[in-house]
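# Observations on the three-dimensional arrangement
Chain residues, written in single-letter form:
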Amino acid sequence: MIRTTKLSLVSLGLAALLAAGSAQAAEDAHSAPKPARQAWTFAGPFGSFDQPQLQRGFQVYREVCSNCHSLQRIAFRNLAEEGGPGFSEGQVKALAAEYKVKDGPNDAGDMFERPGRASDRFPSPFANESAARAALGAVPPDFSVLAKARGYSRGFPLFLLDGLPIPGGGYQEHGVDYIYALLNGYSKDEDPNYNDYFPGHKIGMAKPIADGAVDYTDGSPKTLQQYARDVSAFMMWTAEPKLEERKKTGFRVMAFLLVLAGLLYYTKKKVWADAH
Ligand code: HEC
């Protein structure tokens, strides 16, 4: 009797799991297609950013997206740091000075505006979320986390591989693949708020960018696809400015562990050699 109860409990559990799985699958099916996987220079254990691409992505952000999206975790000086877009200190200073930054209070107790400095963070386009909602009808999420906050699940069991540096695994670019697909996913000319890839398809951001919108000076194509690639890469950097450092450290740690394992093995052999 006890055995059968246990058994039926197990099968109940299994059935519940299966049901949950198919409910998930059904939800995926009616929401949005999976974004295609793109080739990124920063993917994989040895990946690194393409500096000119980050510079172009920043240009797209600055000229188009920054009208609505804030970039709160990035300061101007980050743009000159290693592993980033690689602007010079001089360029960063000049850039910061073009912005007005709120500071204060001064001796009279008043807030005032002054030209930006390299250490300032990017000023936000709206004073707060309510102001953004009042102006746009929806709140544009902060740019600096989007590449990590958005994504889709590859589902069990593939997502188990995503953290591993092996073929078929090591997939950590869901977020940027989604953003790239989203920017290219405005498929209905008559409805600028219809997007193939946005869950539910009705997005509060009307198609933000089209061919020719940004004037690249390095000869790269002035196409929506190129803008989408570049700005997605830039967003990956804003979400993880230390990505290159992390990958290098990870590799060193793996190499160290490998050497250590070898040493331990030979030590063990030597220590136990006379024991029998
Ligand atoms: C006119 C204002 C505006 C501009 C310009 C703009 N956005 Fe948005 N964006 C929004 C709003 C509003 C939302 C929130 C939409 C929603 O939740 O329905 C949003 C949401 C997003 C999202 C998140 C979508 C999701 O899954 O929740 C991404 C990614 C994005 N924008 C990227 C960009 C990029 C890249 C650019 C520049 C090429 C850009 N946006 C320019 C207003 C704007």
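Below or above, wherever it landed, is the structure these notes cover.

Definitions and cut-offs
Residues numbered from 1 in each chain as written. Predicted model: local features only at pLDDT ≥ 70, side-chain atom pairs only at ≥ 80, totals over all residues. Heavy atoms only, no water. Near = heavy atom within 4 Å. Helix = DSSP H or I, 4+ residues; strand = E, 2+ residues; numbered from the N terminus. Donors = N, O, S within 2.8 Å, 3.2 Å for Na, K, Ca; no water. Tetrahedral: all angles 85-135°; square planar, octahedral: opposite > 155°, others 65-115°. Buried < 20%, exposed > 50% of the residue type's maximum accessible area, 1.4 Å probe, protein only. Phe/Tyr/Trp six-rings, centres within 6.5 Å; stacked < 30°, edge-to-face > 60°. Lys NZ or Arg CZ within 6 Å of the ring centre and 35° of its normal. Contact = heavy atoms within 4.5 Å.

### Section: the site of the ligand
Taken together, 23 residues surround the ligand, and among them Cys65, Cys68, His69, Tyr178 and Met205 come closest. Contributions of two or more residues to the shell around the ligand are made by helix H5 (143-149) and helix H6 (174-183).

### Things to note about the coordination of the iron atom of the ligand
Around a metal, the perfect tetrahedron of four donors has angles of 109.5 degrees, and the perfect octahedron of six donors has angles of 90 or 180 degrees. Within the protein, the atoms that donate to the iron atom of the ligand are His69 (NE2) and Met205 (SD), at distances of 2.0 to 2.1 Å. In this structure, the iron atom of the ligand is surrounded by six donor atoms whose angles at the metal cover 86 to 179 degrees, and the resulting shape is octahedral. Of the two residues, His69 sits in the loop between helix H2 (51-63) and helix H3 (89-97) while Met205 sits in the loop between H6 and helix H7 (224-239), which places them 136 residues apart along the sequence. The class of Met205 is partly exposed, set by a relative accessible area of 25%.

### Examining the packing of aromatic side chains
By the definition in use, this model includes 16 aromatic pairs. Summarising the aromatic geometry, the rings of Phe76 and Phe122 are spaced 4.5 Å apart at their centres and angled 45 degrees between planes, so their arrangement reads as tilted. You can see Phe76 sitting in the loop between H2 and H3 and its partner Phe122 sitting in the loop between strand S2 (112-115) and helix H4 (129-136), a full 46 residues away along the chain. Across the pair, Phe122 and Phe76 agree in class, each one buried. Members of the aromatic cluster, each reached through a chain of ring pairs, are Phe58, Tyr61, Phe76, Phe87, Tyr99, Phe122, Phe143, Phe234 and Trp237. One Lys or Arg, Arg229, reaches over the ring of Trp40 and ends 4.8 Å from the middle of that ring. When the ring centre of Tyr180 is taken as reference, the NZ or CZ atom of Arg229 above it lies at 5.3 Å.

### Regarding H6
By the criterion of burial, H6 is predominantly enclosed, with 10 of the 10 residues buried. All of the buried residues in H6 are His174, Gly175, Val176, Asp177, Tyr178, Ile179, Tyr180, Ala181, Leu182 and Leu183. Tucked inside the fold, the buried residues of H6 contact H5 and H7.

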